[in-house]
Amino acid sequence: MKITHATSAPALYELDDDENSGETLVPIEKENSGMGARLGKVESTSCFSDLSFAVETPKEIVKPHTQYKKVLVTGGAGFIGSHVSQFLLERGDDVVVVDEMNDYYDVKIKESNLQLLQKVSGGKNGNVSIYRGDICDEEFMLNVFEAERPQWVCHMAARAGVRPSIEDPFVYIHSNIRGTTQLMELSHKFGVKNFVFASSSSVYGGSSSAYFSEEEAVDNPVSPYAASKKACELLSYTYHHLYKLNVTGLRFFTVYGPRGRPDMAPFKFIDRVSRGIELQKFGDGSSSRDYTYIDDIVDGVVRSLDRQHAYEVFNLGKGNGTSLNEFIGLVEKHTGKEAIIKQLPDQAGDVPYTCADVSKASSLLGYKARVSFEEGIRRTVEWYSNVNGSNPAIDVTVPKEKLVSDSICVVHSKEHLSTPVCA
Ligand code: NAD
């Protein structure tokens, strides 16, 4: 049996004591067969990370755990969670997915992500277990922990999106704050070795810095979504303090790539330009933002999972920005279509340049984003064309009725600094 190992891959040692406890809960989609063909990871192309920053107070480097893991991935049917799960399965770990499969965007996309995970894990007798349910459902989650006994948790489930959080804050409080608390409660009770969760660059919403650093105070979240992520960071510190739970929070900066969320700017741009739908461009297009390719995010998440930091928060971004003009130009280049642009004046509060300071992740995780924005857009356009051409059952395009209210301004305006850019 050939296993493709990543740098920090486990050596596929025998299971220790984290087998099922004998509880009767059966995963809805548990397949049991050997590991089948593994998908090769795409090669990264170039280094866009700015590693020129120095970490002022050197911290102890935590050695990676390189053995087999059974990882609970919440939100494993979603964009980032499914990519992380795929990577873990490909390197030989077991993955337990929990996802409520909500309809924030087309559920068919999530179903197709789960099918892919089953395929990657080898179909029958595979090493993925899939549970459909709400992470806030105490009984359900207790049953999952008792049945699976995961010792590693990668918590990606959340309600994402900024504007919807303003419209319906309670669902964000529920899934993000209550959900994360519920998982940490179970994680400490079941002796989880490492708890890694998705925070967001949206916590920097009120900041006027160009480079967002983890050292900044982020006490001014500008949306319920951002506040929910900040609340998760605070609560996770409490769980570390009270129970010595090892916790790492990851502030992702606009993640894009194949299977990306249809509500986010990179996906929308590609979709609209491909279909000849107008983009509204505010300002001269010189302002820039940090966009991170999914493979780089997966690398950062897995590096965090493998390293049991006591309590850390890391930025995971590309480490430099791309201007709106460059962004549109690259989409035009790789779709082979000219964008139809409606030029509009600058929006009040526009900021010229913002991106992640990734020096801490570089020092402590060895993280380095490798996929250039151009290469990332090329791969995403290629995926978009393939999916639309080959599988019309999965509609990855943005519904027409949504196009009226959505506009390109959300990408680079201060007012929505933490909207789809950072969500
Ligand atoms: P996604 O919406 O594709 O995935 C999230 C998944 O979580 C979904 O499949 C959803 O069904 C599931 N989920 C939500 N609430 C749940 C609940 N109560 N119980 C069980 N499952 C639930 O989003 P994504 O882009 O993959 O984001 C993953 C994580 O990263 C989220 O925490 C998000 O806030 C964070 N994040 C993402 C980005 C980005 O650019 N994509 C940026 C910053 C932070």
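Cut-off values and rules
- Residues numbered from 1 in each chain as written.
- Predicted model: local features only at pLDDT ≥ 70, side-chain atom pairs only at ≥ 80, totals over all residues.
- Near = placed C-beta within 6 Å.
- Helix = DSSP H or I, 4+ residues; strand = E, 2+ residues; numbered from the N terminus.
- Nonpolar A, V, L, I, M, F, W, Y, C, P; charged D, E, K, R; others polar.
- Pairing = 2+ DSSP bridges.
- Axes fitted to C-alpha atoms, helices over the stretch in contact; angles between N-to-C directions.
- Contact = placed C-beta atoms within 7 Å.
- Buried ≥ 20, exposed ≤ 12 C-beta atoms within 10 Å, placed from the backbone.
- Parallel < 35°, antiparallel > 145°, perpendicular 65-115°, else oblique.
- Left-handed = near helix turned anticlockwise from the far one by under 90°.

Caption draft 1: Region of the structure containing the site of the ligand. Close to the ligand lie 31 residues; Gly-75, Gly-78, Phe-79, Ala-158 and Ala-198 are nearest. Within the residue set of the shell around the ligand, elements represented by two or more residues are α1 (79–91), β2 (94–99), α5 (169–189) and β5 (194–200). No other element matches α1, which puts three residues into the shell around the ligand. Residue composition of the shell around the ligand, grouped by class: 17 nonpolar, eight polar and six charged.

Caption draft 2: Inspection of the sheet that holds β2 at higher detail. Taking strand neighbours across the sheet as the criterion, the seven strands line up as β3-β2-β1-β4-β5-β7-β12 in an open arrangement whose pairing is parallel. Sheet topology places β3 (128–132) and β12 (311–316) at the edges, where each strand pairs with a single neighbour. Within the sheet, the average angular offset between the axes of one strand and its neighbour, ignoring direction, is 15 degrees. Two strands pair when backbone bridges link them, and strand β1 (residues 70–74) and β2 are joined in this way by five bridges, in the parallel orientation. Following the sheet pairing, Lys-70 is matched in β2 by Asp-94. Packed on one face of the sheet, helix α3 (residues 138–148) meets β1, β2 and β3 and runs near 170 degrees to β2.

Caption draft 3: Region of interest: unusual backbone geometry. Of note in this structure, Arg-149 is not a glycine but carries a positive phi near 50 degrees. Tracing the backbone through its elements, the reader meets Arg-149 in the loop between α3 and β4 (152–155). Its 19 C-beta neighbours within 10 Å are what place Arg-149 among the partly exposed residues.

Caption draft 4: How the structure looks around the environment of Leu-245. With respect to the helices, strands and loops of the structure, Leu-245 is situated in the loop between α6 (224–243) and β7 (247–252). By C-beta crowding, Leu-245 is classed as buried, having 23 other C-beta atoms within 10 Å. The spatial distance from the C-alpha of Leu-245 to the C-alpha of Tyr-311 is 8.2 Å, given a sequence separation of 66 residues. Excluding residues that lie within four positions of it along the chain, Leu-245 makes contacts with Met-184, Ser-187, His-188, Val-192, Phe-195, Tyr-239 and His-240.

Caption draft 5: Structural detail: α3. Taken together, the buried positions of α3 are Met-141, Val-144, Phe-145, Ala-147 and Glu-148. Where α3 ends, the next residue or the one after it, Arg-149, has phi of about 50 degrees, a positive value.

Caption draft 6: The arrangement of the packing of α1 against helix α2 (residues 107–120) in detail. The geometry of α1 relative to α2 is characterised by a closest axis approach of 9 Å and an angle of 5 degrees between their N-to-C directions. Between α1 and α2, the crossing angle belongs to the class labelled roughly parallel. Facing Ser-82, Ser-85, Gln-86, Leu-89 and Glu-90 of α1, the residues of α2 in contact are Asn-113, Leu-116, Leu-117 and Val-120. Of the residues belonging to the contact of α1 with α2, the class tally is four nonpolar, four polar and one charged.

Caption draft 7: Local environment of the packing of α1 against helix α8 (residues 294–306). Running from N to C, α1 and α8 point in directions that differ by 65 degrees, and their axes come no closer than 10 Å. Taken as axis vectors, α1 and α8 run roughly perpendicular relative to one another. The two elements α1 and α8 cross, and the hand of that crossing is right-handed. Of the residues in α8, those touching α1 at Ile-80, His-83, Val-84 and Phe-87 are Ile-294, Ile-297, Val-298, Val-301 and Val-302. Partitioned by chemical class, the residues of the contact of α1 with α8 number eight nonpolar, one polar and no charged.

Caption draft 8: Examining the environment of Ser-82 more closely. Among the secondary structure elements, Ser-82 is positioned in helix α1. Placed 31 residues apart in sequence, Ser-82 and Asn-113 show a C-alpha to C-alpha distance of 6.2 Å. Not counting residues within four places of it along the chain, the set of residues in contact with Ser-82 comprises Gly-76, Ala-77, Asn-113, Leu-116, Leu-117 and Arg-259.

Caption draft 9: Region of interest: the pairing of β4. Neither face of β4 is left uncovered, since the one carrying Trp-152 and Cys-154 and the one carrying Val-153 and His-155 both have all their residues buried. Relative to β4, β1 is paired through four bridges, and the arrangement is parallel. Counterpart to Val-73 in the pairing with β4 is Cys-154. Here β4 pairs with β5 via four bridges, running parallel. Residue Trp-152 lies in a different strand from β5, and its bridge partner there is Asn-194.

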